[in-house]
Amino acid sequence: WCIECGHRGLEWVDARPFGTVYAFTISRTIGMNYPGWQDDLPVLMCMIDLDDGARMYGQVTDCAPEDLRIGMRVQVHFVDISDEAAIPKFRPVPAG
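Residues numbered from 1 in each chain as written. Predicted model: local features only at pLDDT ≥ 70, side-chain atom pairs only at ≥ 80, totals over all residues. Heavy atoms only, no water.

Colleague: Can you walk me through the overall build of the protein in this structure?
Modeller: Along its length, the protein carries 0 helices and 5 strands. When its C-alpha atoms are laid out on the principal axes, the protein stretches across 40 × 35 × 30 Å. Relative to its full complement of 96 residues, the protein shows a buried share of 22%. Taking the intrachain contacts of the protein between residues at least 6 apart in sequence as the baseline, contacts between residues at least 24 apart amount to 44%. Accessible surface computed for the protein: about 7,300 Å², of which carbon and sulfur atoms make up 54%. One way to put it: in the protein the 8 positive side-chain charges average out to a point 7 Å from where the 14 negative ones average out. (Helix = DSSP H or I, 4+ residues; strand = E, 2+ residues; numbered from the N terminus. Buried < 20%, exposed > 50% of the residue type's maximum accessible area, 1.4 Å probe, protein only. Contact = heavy atoms within 4.5 Å. Areas by Shrake-Rupley, 256 points an atom, 1.4 Å probe, with all protein chains shown as cover. Lys, Arg positive; Asp, Glu negative; His and termini not counted. Charge placed at Lys NZ, Arg CZ, Asp CG, Glu CD.)

Colleague: Would you take a moment to explain the nonpolar core for this structure?
Modeller: The biggest cluster of nonpolar side chains holds 12 residues, and these are Val21, Leu44, Cys46, Ile48, Leu50, Val60, Cys63, Leu68, Met72, Val74, Val76 and Phe90. Elements with a contribution of two residues or more to this core: strand E2 (43-50) and strand E4 (73-80). With 4 residues, E2 is the largest single contributor of residues to this core. Contacts of Cys46, omitting those with residues within four sequence positions, involve Val21, Ala23, Phe24, Met56, Tyr57, Gly58, Val60 and Leu68. (Core = buried A, V, L, I, M, F, W, Y, C linked by side-chain atoms within 4.5 Å.)

Colleague: Looking at this structure, how should I read the pattern of salt bridges?
Modeller: Think of it this way: side chains of opposite charge can pair up when their charged atoms draw near. With the rule as written, the count across this model stands at 4 salt bridges. Note that Arg55 is salt-bridged to Asp49, the shortest N-O span being 2.5 Å. On the accessibility criterion, Asp49 (24% relative accessible area) is partly exposed. (Salt bridge = Lys/Arg side-chain N within 4 Å of Asp/Glu carboxyl O.)

Colleague: Even after reading the chapter, I still don't get the environment of Leu50, so can you show me in this structure?
Modeller: In this structure, Leu50 sits in strand E2. When the C-alpha positions of Leu50 and Tyr22 are compared, they lie 9.6 Å apart, and in sequence the two are 28 residues distant. With near-sequence residues (within four places) excluded, Leu50 lies in contact with Phe18, Gly19, Met56 and Phe90.

Colleague: Whenever I open this one, the state of the cysteines confuses me. Can you help?
Modeller: As used in these notes, a disulfide is a covalent bond between sulfur atoms, one from each of two cysteines. Applying the stated criterion across every chain, the model contains 0 disulfides. There is no disulfide at Cys63, and the cysteine sulfur nearest it, in Cys46, is 8.2 Å away. (Disulfide = S-S within 2.5 Å.)

Colleague: What is the right way to look at the layout of surface pockets in this model?
Modeller: Summary: where empty space remains is shown by rolling a probe the size of a single water molecule over the atoms. One number sums up the size of the largest pocket: a volume of about 580 Å³. If you trace the largest pocket, you find 19 residues lining it, with Trp12, Val13, Ala15, Leu50 and Met56 closest to the centre. Those elements that place two or more of their residues in the lining of the largest pocket are strand E3 (55-60), E4 and strand E5 (86-92). Grouping the amino acids of the lining of the largest pocket by side-chain chemistry returns 14 nonpolar, no polar and 5 charged. In this model, the second largest pocket occupies a volume close to 270 Å³. For the second largest pocket, the lining is made up of 10 residues, of which Trp37, Asp40, Val43, Met45 and Gln59 are closest to its centre. For the lining of the second largest pocket, the per-class residue count stands at 4 nonpolar, 4 polar and 2 charged. (1 Å grid on protein atoms, 1.4 Å probe; cavity = no way out; pocket = protein on both sides within 12 Å on 5 of 7 lines; lining within 4 Å. Points joined across faces, edges and corners; volume = space filled by probe spheres on them. Nonpolar A, V, L, I, M, F, W, Y, C, P; charged D, E, K, R; others polar.)

Right under this line is the structure:
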């Protein structure tokens, strides 16, 4: 829904799969005390400015914490969570 007015009649639109890291934090502790997440640490959580103008919250994967930077170019990839759904995550765009 729209965070400005609360309207829920938004339409799905295709977006380009690229963006730029606007801000980030690195979590080195288990979220919500769920031990199953220990193998995922550290988790790199970011605000991503999509090339199409929207900003979204997402996880950056395939990146060492010390390499993550504001302004880094990233590309979306999807991780299946069921046969019907997937979560968008991001990874660095290779240089060159």
